[in-house]
Amino acid sequence: MTCAACSGRVEKALNAVPGVHRATVNLATERATVEFDASETTPLALAEAVRQSGYDVRTEEVSFAVGGMTCAACVGRVEKALQGADGVVEASVNLATERARVRYATGTDVEALYEAVRKTGYDVVEAVGGASTEDAERTARELDRQRLRRRLLWAAGLSLPLFLMEMVPMAIPGGMAFVDGLVPMHTRWLVAFVLATAVQFGPGWRFYRAGWAAARHGAPDMNTLVALGTSAAYGYSVVATFLPGVLPAGAVHVYYEASATIITLILLGKWFEARAKGQTSDAVRALLGLKAETARVVKDGQETEVPIDDVAVGDVVRVRPGEKVPVDGVVVEGTSYVDESMVTGEPVPVEKTDGDEVVGGTVNQAGSLLVETTRVGADTVLAQIVQLVEEAQASRPAIQALADRVVAVFVPVVLVIAALVFAVWLWVGPSPALTYALVAAVSVLIIACPCAMGLATPVSVMVGTGKAAELGVLFRKGEALQTLSEADVVALDKTGTLTEGRPTLTDVALADGANPDEAALIRLVASVEVPSEHPVGAAIVRAAAERGLDVPAASEFEAVPGFGVRGTVEGRRVEVGADRFMARLGVEVGPLAEAARRLAEEGKTPLYAAIDGRLAAAIAVSDPVKATTPAAIDALHRAGLRVAMVTGDNRATAQAVARRLGIDEVLAEVLPADKAEAVRRLQAEGGRDGGAAHVAFVGDGINDAPALAQADVGVAIGTGTDVAIEAADVVLMRGDLTALVDARALSAATLRNVKQNLFWAFAYNVVLIPVAAGVLYPALGVMLSPVLGAAAMGLSSVFVLTNALRLRRFTAPEIGASSAAR
């Protein structure tokens, strides 16, 4: 904002937002103060109103670990607390990664965000004593797993005698009578009381503490359900043991073994869950493990090993055979092969020599290299890959919206169902009705599992994005995992995407009786092209260098714009250009016209060369199609996708390339500014579902950025420009389209995995809550034991996590095989 008119415009825009009671904007402090109804609008909507008025909200972003979350209700509570904090524009919390990501207005006190989380009953994991945030989080998770293991062992040790004393005899005919003869029932009850009390208020205390905190904030969660269910069973047993007279006749029973075993089984499930969660982040840990710890810096001929954090841009480091490349840089001396599979997913080592770029974390194979450092710390490729993967893992695909809506009301609904079940059994149940009512209500409370619903989507996204990074595919947004698999059309830029991206001399057709021969001709033509800045000329000069030809200097050089170039080389007049240049010079091109036409039909650019005023040859230059492109296009077709090409090249060249590759639709001679409009046109053509087509656009240049942003999912070739990569949702670190086939196959596999998890999580609750409530009793006389309910609850979360971990075994489809579209 620069003047009063600016502040007035922003103020007007904010006051126009539904739910805003009053908005004032201060030009001097550049701050807006807004009073609004939180049920009608959000800070995000206010920020969008500011942007729509032509200004922006200065924001920063922070990501931090949250400890103590156990289920989706916890996520909702932490999110709600953060979204309600002053200055917060957007907040999202991920149960699988146990991290919160908050975008807030610049100047907001981050400590206030941490405090908002703590007030809801959760912890913020912060680095202390110089340790990194990653180390602090890893230590916190490990400590939590160790505490969980200790509690589990304590609970299991105390519960086992109860199980052997009460449950095993019930499964054996005459077993209870035998036990009653050995130990009087009331004595057993007293022993059971001591053991169950130790479990209830020892290992089980975590459920009381977390459940009470959740209930106090009006958002009961899984811990609340477990605390209520086990307390009901334990409390009823205490009354039956010490005040049996207050219970109806026939209703004096104890459930100590049930309450203790339930806590043990839920702790066992949480321990399995914690271990599985640790495996879901293996990909990011593996990437972080690729980072070298030290580097061998070369100064004044001396090599000194220093910590990697002490290396600065411009330092020269020595990389010996078999060592990790410690920094991003440029080779200044030496030749070797470097394994770049961790970046590109490509297993074949790449040759590196003077002037070639290398990436930190890759592995030097054979030779010794001297590398000048160009990027360090957070600017390195490896650091950026880790950041992209973590951001993708923290984001949410659209499919999670349904789960979020259900989870928001799940626990309160379960509490209501449990109360109704208790009342119904008490009213119409068989004698002793109180016993049946208690068992049914406790079973409902224990078997309900909001954990599985909360984990269903984020764990699949987490494992899928991690696996993608291993394949050289970076999903910058988790949503792209869903949108890429739903694409109907793949629109491809030509240059650098379908093709190598630089023109190459492909054909030389000599005129009959031509003098000189092919090698000598290329030498002469390259000489007059050296001063030229045209890409076609550069291709001819490169061809001469690759053939080891010496290129003499040309004199009397002249570039004729739109026609060609001319010059004198070793006393011979050399002229190179299009047919119109030859016509202007009076050189007859008829003898080679047919060859030139054929070359043009193949998508190549034909030129003519004249020596001393006589036609010598037709030369063709083209940007060759990448060797992997045809198979990749074929695989996309087999996957049911329509393939289009959007290019600024002339129509004839574009059509020739499209014919060779079997591309369905060509949009040629499209100006850079119009590429986004071309994507809109493809979207308007309609997709498989009858609505607008979902378009994935693949490009690598600055001029592709608008189209990448316009597409439903933008895919950037990782060898392209930073601008293109920033505008994309997916980055292919390999420089070819086979990575797109891998990305789409993994996208489809991940979405399928999410749907399986969500189906299981919903179906589990929809089917088993009624069973726990006793719907099978009238027909089969069967009541679900609360103990079995606890086991099922734990297994449901473990199932979801285990199913998501199957994505780690995903293998990229064989390009050209029938399985490419699976």
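None of these values were measured; they are calculated from a predicted model. (Residues numbered from 1 in each chain as written. Predicted model: local features only at pLDDT ≥ 70, side-chain atom pairs only at ≥ 80, totals over all residues. Heavy atoms only, no water.)

Peer 1: Can you help me understand the overall build of the protein chain in this one?
Peer 2: For the protein chain, the count of helices and strands is 30 helices and 28 strands. Here the protein chain, with 822 residues, has 51% of them falling under the buried criterion. Relative to all contacts within the protein chain whose residues are 6 or more apart in sequence, the contacts with residues 24 or more apart total 67%. Working note: accessible area of the protein chain is about 36,100 Å², and carbon and sulfur atoms make up 57% of it. (Helix = DSSP H or I, 4+ residues; strand = E, 2+ residues; numbered from the N terminus. Buried < 20%, exposed > 50% of the residue type's maximum accessible area, 1.4 Å probe, protein only. Contact = heavy atoms within 4.5 Å. Areas by Shrake-Rupley, 256 points an atom, 1.4 Å probe, with all protein chains shown as cover.)

Peer 1: Just to check I follow, could you spell out the UniProt feature "transmembrane region" (unreviewed entry) in the protein chain for this structure?
Peer 2: UniProt records the feature "transmembrane region" (unreviewed entry) at residues 152-172, 187-205, 225-247, 253-272, 406-428, 434-457, 758-777 and 783-805, using the numbering of this structure. This span, residues 253-272, is 85% helix and 0% strand, and a straight line between its end C-alpha atoms measures 32 Å. In this annotation, residues 758-777 is assigned 85% helix and 0% strand; the end-to-end C-alpha distance for the span is 28 Å. (UniProt positions renumbered as here; feature names shortened; annotations may be inferred.)

Peer 1: Sorry if this is basic, but what is going on with the side chain of Thr41 here?
Peer 2: Following the sequence through the fold, Thr41 ends up in the loop between strand S2 (31-36) and helix H2 (43-52). With sequence-adjacent residues up to four places away left out, Thr41 is seen in contact with Val17, Pro18, Phe36 and Leu46.

Peer 1: What exactly am I supposed to notice about the packing of aromatic side chains here?
Peer 2: The relative placement of two aromatic rings is captured by the distance of their centres and the angle of their planes. Within the structure shown, the criterion is met by 15 aromatic pairs. Arranged with centres 4.9 Å apart and planes meeting at 75°, the rings of Phe64 and Tyr114 form a pair that is edge-to-face. On the criterion of sequence distance, the pair formed by Phe64 in strand S3 (residues 59-67) and Tyr114 in helix H4 (residues 110-119) is long-range, its members being 50 residues apart. In this pair, the class of Phe64 matches that of Tyr114, namely buried. Centroid distance Phe201 to Trp205: 6.4 Å. Interplanar angle 50°. Geometry classified as tilted. On the accessibility criterion, Phe201 (40% relative accessible area) is partly exposed. Taken together, the ring pairs connect Phe193, Phe201, Trp205, Tyr208, Tyr234, Phe242 and Tyr256 into an aromatic cluster. (Phe/Tyr/Trp six-rings, centres within 6.5 Å; stacked < 30°, edge-to-face > 60°.)

Peer 1: When you look at the sheet that holds strand S7 (residues 294-299) in this model, what are you seeing that I'm missing?
Peer 2: Two modes of strand pairing occur in sheets, parallel and antiparallel, and in both the strands are linked by backbone hydrogen bonds. In spatial order, the strands read S8-S7-S9-S15-S10-S13; together these 6 strands make up an open sheet with antiparallel pairing. The two strands at the open ends of the sheet, each matched to only one other strand, are strand S8 (302-307) and strand S13 (357-358). In this sheet, S13 lies alongside strand S10 (residues 328-333) in antiparallel orientation, the contact comprising 2 bridges. In the strand pairing of S13, Gly329 is matched with Val358. (Pairing = 2+ DSSP bridges.)

Peer 1: How should I be thinking about empty space enclosed by the protein in this particular structure?
Peer 2: A water-sized probe rolled over the atoms picks out the places where empty space is left. Under the counting rule described, the total for this entry stands at 4 cavities of 30 Å³ or more. Of the volumes computed, that of the largest cavity is approximately 60 Å³. Every residue lining the largest cavity is listed: Met222, Ile266, Gly269, Lys270, Glu273, Cys451, Met793, Gly794 and Ser797. Broken down by secondary-structure element, the contributors of at least two residues to the lining of the largest cavity are helix H10 (256-280) and helix H30 (786-805). Counting residues per element, the lining of the largest cavity draws most heavily on H10, which supplies 4 residues. Grouping the constituent residues of the lining of the largest cavity by class yields 4 nonpolar, 3 polar and 2 charged. (1 Å grid on protein atoms, 1.4 Å probe; cavity = no way out; pocket = protein on both sides within 12 Å on 5 of 7 lines; lining within 4 Å. Points joined across faces, edges and corners; volume = space filled by probe spheres on them. Nonpolar A, V, L, I, M, F, W, Y, C, P; charged D, E, K, R; others polar.)

Peer 1: I tried to follow the side chain of Ser237 on my own but got confused; where do I start?
Peer 2: Structurally, the position occupied by Ser237 is in helix H9 (residues 222-242). Among the residues examined, Ser237 registers a relative accessible area of 0% and is labelled buried. Not counting residues up to four positions away in its chain, the partners in contact with Ser237 are His253, Val254, Tyr255 and Tyr256.

Peer 1: For this particular structure, what's the right way to read unusual backbone geometry?
Peer 2: In most cases, non-glycine residues show a negative phi, while peptide bonds are predominantly trans. Of the consecutive residues Ser431 and Pro432, the connecting peptide bond is found in the cis state with omega at -5°. Tracing the backbone through its elements, the reader meets Pro432 in the loop between helix H14 (400-428) and helix H15 (433-447). A positive phi angle is found at Asp300, which is not glycine, with a value near 55°. As for its position among the elements, Asp300 is in the loop between S7 and S8.

Peer 1: Explain the pairing of strand S21 (residues 572-577) here, please?
Peer 2: If a strand is regular, its side chains alternate between the two faces of the sheet. Two elements, strand S20 (residues 564-569) and S21, share 6 bridges in a ladder whose sense is antiparallel. Counted as the bridge partner of Val569 is Arg572 from S21. From the end of S20 to the start of S21, which pair antiparallel, there are 2 residues, and Glu570 there has a positive phi angle of about 50°. Two elements, S21 and strand S22 (residues 605-611), share 4 bridges in a ladder whose sense is antiparallel. Among the inter-strand pairings, Val576 is bridged to a residue of S22, identified as Ala609.

Peer 1: When you look at the sheet that holds S22 in this model, what are you seeing that I'm missing?
Peer 2: Strand order across the open sheet formed by 6 strands is S18-S23-S22-S21-S20-S19, with antiparallel pairing between neighbours. Every interior strand has two partners, whereas the edge strands, strand S18 (504-510) and strand S19 (555-560), have only one. Within this sheet the neighbouring strands show an average axis-to-axis angle of 20°, counted without direction. The strands touched by helix H20 (residues 535-546) are S18, S22 and strand S23 (614-622); relative to S18, the strand with the most contacts, the crossing angle is about 80°. (Axes fitted to C-alpha atoms, helices over the stretch in contact; angles between N-to-C directions.)

Peer 1: Just to check I follow, could you spell out the packing of helix H16 (residues 450-470) against H30 for this structure?
Peer 2: In a packed pair of helices, the relevant descriptors are the angle between the two axes and the axis-to-axis distance. One can describe the packing of H16 onto H30 by two numbers: an axis separation of 8 Å at closest approach and a directional angle of 15°. It follows that H16 is roughly parallel to H30 by the angle criterion. The handedness of the crossing between H16 and H30 is right-handed. For the pair H16 and H30, contact is made by Cys451, Ala452, Leu455, Ala456, Val459, Ser460 and Val463 and by Met793, Ser796, Ser797, Val800, Leu801, Ala804 and Leu805, respectively. Residue composition of the contact of H16 with H30, grouped by class: 11 nonpolar, 3 polar and no charged. (Parallel < 35°, antiparallel > 145°, perpendicular 65-115°, else oblique. Left-handed = near helix turned anticlockwise from the far one by under 90°.)

Peer 1: What's the story with the pattern of salt bridges in this structure? I'm lost.
Peer 2: When the charged atoms of two side chains lie near each other, side chains of opposite charge can form a pair. Tallied over the entire structure, the rule returns 27 salt bridges. One salt bridge connects Arg51 with Asp56, and the closest N-O pair in it is separated by 3.6 Å. Using a relative accessible area of 55% as the deciding quantity, one classes Asp56 as exposed. Here Arg523 makes a salt bridge to Asp550, at a shortest N to O gap of 3.4 Å. A residue pair is termed long-range when its members are at least 10 positions apart, and Arg523 in helix H19 (residues 518-529) and Asp550 in the loop between H20 and S19 qualify at 27 residues. (Salt bridge = Lys/Arg side-chain N within 4 Å of Asp/Glu carboxyl O.)

Peer 1: What exactly am I supposed to notice about the packing of helix H8 (residues 205-216) against H9 here?
Peer 2: Remark: H8 packs on H9, axes separated minimally by 7 Å, with the N-to-C direction vectors making an angle of 120°. As the angle between them shows, H8 and H9 are arranged oblique. The two elements H8 and H9 cross, and the hand of that crossing is left-handed. Residues Phe207, Tyr208, Ala210, Gly211, Ala214 and Ala215 of H8 form the contact with H9, whose own contacting residues are Met222, Asn223, Thr224, Val226, Ala227 and Ser231. In terms of residue class, the contact of H8 with H9 is made up of 8 nonpolar, 4 polar and no charged.

Peer 1: In this structure, what is going on with the nonpolar core? I would like to understand it.
Peer 2: Nonpolar side chains tend to gather and get buried jointly when the protein is soluble and globular. By size, the foremost hydrophobic cluster in this structure holds 144 residues, and its most contacted members are Phe64, Met69, Leu82, Val102, Phe475, Leu732 and Leu740. Counting residues per element, this core draws most heavily on helix H28 (residues 738-773), which supplies 13 residues. Residue contributions to this core reach at least three from each of two domains, namely domain 2 (58-126) and domain 3 (142-282). With near-sequence residues (within four places) excluded, Leu82 lies in contact with Phe64, Val88, Ala91, Val93, Ala100, Val102, Leu113 and Val117. In this structure, Ala526, Val576, Ala609 and Ile611 belong to the second largest nonpolar core, which totals 23 residues. (Core = buried A, V, L, I, M, F, W, Y, C linked by side-chain atoms within 4.5 Å. Domains from an automatic or database assignment.)

Peer 1: Is there a simple way to think about a nonpolar patch on the surface in this case?
Peer 2: Together, Leu190, Phe242, Leu243 and Val246 make up an exposed nonpolar region whose accessible area comes to about 380 Å². Mapped onto the fold, Phe242 is located in helix H9. (Patch = residues over 30% accessible without salt bridge, like charges linked within 9 Å, V, L, I, M, F, W, Y side chains within 5 Å.)

Peer 1: What exactly am I supposed to notice about the layout of surface pockets here?
Peer 2: Its boundaries defined by the atoms lining it, the second largest pocket holds a volume of some 1,600 Å³. In this structure, the second largest pocket is lined by 48 residues; those nearest its centre are Pro43, Val57, Gly87, Val88 and Val89. Those elements that place two or more of their residues in the lining of the second largest pocket are helix H1 (4-15), S2, H2, strand S4 (88-94), strand S5 (99-105) and helix H13 (381-394). When grouped by side-chain class, the residues that make up the lining of the second largest pocket number 23 nonpolar, 11 polar and 14 charged.

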